[in-house]
Amino acid sequence: MGDSRSAQERLDAENLMDLSSELKGARAAYFDALDDGEQVEEKKFTYAWTLIHQKSKTDMRAGIKLLEELSNSKGVQRDALYYQATAQYRLEQYMDSRKSLQLLLSIDPKNRQALDMKALVESVLQREGAIGLAVFSSAAIAVAAVAGALLKARR
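The sections below set out a description of the structure shown in this document.

Analysis parameters
Residues numbered from 1 in each chain as written. Predicted model: local features only at pLDDT ≥ 70, side-chain atom pairs only at ≥ 80, totals over all residues. Heavy atoms only, no water. Helix = DSSP H or I, 4+ residues; strand = E, 2+ residues; numbered from the N terminus. Polar contact = N/O pair within 3.5 Å; in protein donor to acceptor, adjacent residues only side chain to side chain. Expected span 1.5 Å × (residues − 1). Buried < 20%, exposed > 50% of the residue type's maximum accessible area, 1.4 Å probe, protein only. Arc of directions from axis to C-beta. Contact = heavy atoms within 4.5 Å. Salt bridge = Lys/Arg side-chain N within 4 Å of Asp/Glu carboxyl O. Axes fitted to C-alpha atoms, helices over the stretch in contact; angles between N-to-C directions. Parallel < 35°, antiparallel > 145°, perpendicular 65-115°, else oblique. Left-handed = near helix turned anticlockwise from the far one by under 90°. Nonpolar A, V, L, I, M, F, W, Y, C, P; charged D, E, K, R; others polar. Phe/Tyr/Trp six-rings, centres within 6.5 Å; stacked < 30°, edge-to-face > 60°.

**Some points on the environment of E69**
Moving on, step 1. Residue placement: E69 occurs in helix 4 (residues 57-70).
Moving on, step 2. The spacing of E69 and F45 is 24 residues in sequence and 9.7 Å in space, taken between C-alpha atoms.
Moving on, step 3. A distance of 2.5 Å separates a polar atom in the side chain of E69 from a polar atom in the side chain of K44.

Structure below.
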């Protein structure tokens, strides 16, 4: 089982990074690699990694898309899946994050970062499930109270 606190600390540290100045360079390097056909996978990963660390949700989604494309490449598969999961977590796509982590853990079951991240995702899903259940229960009670009042008023 993983340690959700360790995963949260890693995410918090990454959130403090400002990579906006690196984005232009990573983008240019990736497109240059596409043109010359050299180190495309490496440059694509760097560009994706830079995108997912931006504040813009659009950039983060673009980074996730690139990481999804890389998730079948043996050379960067583990890192692509891990960073895909962290970006999905930041975008509150918890179920997608869980799926990415499950795939990573099927490849590398002892990956400590993935185990920690999965524990964090599971704790959020559990908390959200409890909140959802409480909201649903409150709504059901309110509906029952209104129905009871209407029935009483009809008598």
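**Digging into helix 4**
Moving on, step 1. Helix length check: helix 4 (14 residues) gives 20 Å between terminal C-alpha atoms against 20 Å at 1.5 Å per residue, within 8%.
Moving on, step 2. If you check which residues of helix 4 are buried, you get M60, G63, I64, L66, L67 and L70. For helix 4, the buried positions fall inside an angular range of 165° around the axis, keeping them on one side. In helix 4, the exposed residues that point more than 90 degrees away from the buried face are T58 and K65.
Moving on, step 3. Residues of helix 4 that are buried make contact with helix 2 (20-36), helix 3 (40-52) and helix 5 (77-90).
Moving on, step 4. Of the residues flanking the start of helix 4, the one acting as N-cap is S56, its side-chain oxygen 3.2 Å from the backbone nitrogen of T58.

**Quick notes on the side chain of S73**
Moving on, step 1. Mapping S73 onto the fold places it in the loop between helix 4 and helix 5.
Moving on, step 2. Note on S73: relative accessible area 17%, which makes it buried.
Moving on, step 3. Separated by 3.1 Å, the side chains of S73 and E41 make a polar contact.

**A closer look at helix 5**
Moving on, step 1. Compared with the 20 Å implied by 1.5 Å per residue over 14 residues, the 20 Å span of helix 5 between its first and last C-alpha is a close match.
Moving on, step 2. Two residues or fewer past helix 5, E92 is found with a positive phi of approximately 60°.

**Structural notes on the pattern of salt bridges**
Here the idea is simple: oppositely charged side chains can pair when their charged atoms come close.
Moving on, step 1. The full count for this structure, using the stated rule, is six salt bridges.
Moving on, step 2. Residues K44 and E69 are paired through a salt bridge, measuring 2.5 Å at the closest nitrogen-oxygen approach. Here K44, found in helix 3, pairs with E69, found in helix 4; they are 25 residues apart in sequence, far enough to count as distant.
Moving on, step 3. By relative accessible area, which is 14% here, K44 ends up buried.

**Quick look at the packing of helix 2 against helix 3**
Moving on, step 1. Interaxial distance between helix 2 and helix 3 falls to 8 Å at its minimum, and their mutual angle equals 155°. Relative to helix 3, the element helix 2 lies roughly antiparallel. Of the two elements, helix 2 crosses helix 3, and the hand of that crossing is left-handed. Between helix 2, through E22, L23, A26, R27, A29, Y30, A33 and L34, and helix 3, the contact on the second element is made entirely by V40, K43, K44, T46, Y47, T50 and L51.
Moving on, step 2. Tallied by class, the residues present in the contact of helix 2 with helix 3 amount to nine nonpolar, two polar and four charged.

**A closer look at the environment of G25**
Moving on, step 1. Structurally, the position occupied by G25 is in helix 2.
Moving on, step 2. Relative accessible area serves as the criterion here: at 45%, G25 is assigned to the partly exposed category.
Moving on, step 3. Residues G25 and Y47 lie 22 residues apart in sequence; the distance between their C-alpha atoms is 8.6 Å.

**Thoughts on the packing of aromatic side chains**
Moving on, step 1. Per the counting criterion, the structure on display carries seven aromatic pairs.
Moving on, step 2. Geometrically, the ring pair formed by Y30 and Y47 is stacked, given 5.5 Å between the ring centres and 25° between the ring planes. With Y30 in helix 2 and Y47 in helix 3, this pair connects stretches of sequence that are 17 residues apart.
Moving on, step 3. Residue classification places Y47 among the buried positions, given a relative accessible area of 9%.
Moving on, step 4. Plain terms: the ring middles of Y82 and Y83 are 5.2 Å apart, the flat faces sit at 75° to each other, and that makes the pair edge-to-face.
Moving on, step 5. Judged by its relative accessible area of 5%, Y82 is buried.
Moving on, step 6. For Y83, a relative accessible area of 15% gives the class buried.
Moving on, step 7. Following the ring pairs from residue to residue traces out a cluster consisting of F45, W49, Y82 and Y83.

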